[in-house]
Amino acid sequence: QVQLVESGGGLVQPGGSLRLSCAVSGFTFSKFGMRWYRQTPGKEREVVAAITSSGSTTHIADSVKGRFTISRDNVNNTLYLQMNRLKPEDTAVYYCNRILNPKPWGQGTQVTVSS
């Protein structure tokens, strides 16, 4: 059974940092490229960052470029999103998923950036 369990969200002030984690089980994590997405009420889920199966190549959305970094640990089957210099517009629920043949979404983790 595939599980995608996001964690690490919370309330942070503008300019602050958070590190999100996505614990994966149920498939061979090291064989799949992964993405982080985010979604706010009334809007479609958008891609924030992507990483290849080996971790050698990453892509960061323009809206967060220079502030967010995606990485992965293929030994511990975990995907990460390091978020620095957070802005109020980064407030959203953050999700992870495979790039190819996405699996059912996890519960996500809420990130709220507010003073």
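Residues numbered from 1 in each chain as written. Predicted model: local features only at pLDDT ≥ 70, side-chain atom pairs only at ≥ 80, totals over all residues. Heavy atoms only, no water.

**Quick look at the sheet that holds strand 1 (residues 3–7)**
- What the 4 strands build is an open sheet, ordered 1-3-8-7; its pairing is antiparallel. The sheet is open, and its two borders are formed by strand 1 and strand 7 (68–73), each paired with just one other strand. With direction set aside, neighbouring strand axes in the sheet form an average angle of 15 degrees.
- Bridge count between strand 3 (residues 18–25) and strand 8 (residues 78–83): 6 bridges; the pairing is antiparallel. Bridged to alanine 23 within strand 8 is threonine 78. (Pairing = 2+ DSSP bridges. Helix = DSSP H or I, 4+ residues; strand = E, 2+ residues; numbered from the N terminus. Axes fitted to C-alpha atoms, helices over the stretch in contact; angles between N-to-C directions.)

**Some remarks on the pairing of strand 4 (residues 34–39)**
- Strand direction decides the pairing type here: strand 4 and strand 5 (residues 46–51), joined by 5 bridges, are antiparallel. The residue bridging tryptophan 36 from the neighbouring strand is alanine 49, located in strand 5.
- Hairpin connection, strand 4 to strand 5: the antiparallel pair is bridged by 6 residues, and glycine 42 has positive phi, about 85 degrees.
- When strand 4 meets strand 9 (residues 92–98), the two strands line up antiparallel, connected through 6 bridges. Looking across to strand 9, one finds that arginine 38 is bridged to tyrosine 94.

Interpretation note: all reported values are geometric properties and have no functional meaning in isolation.
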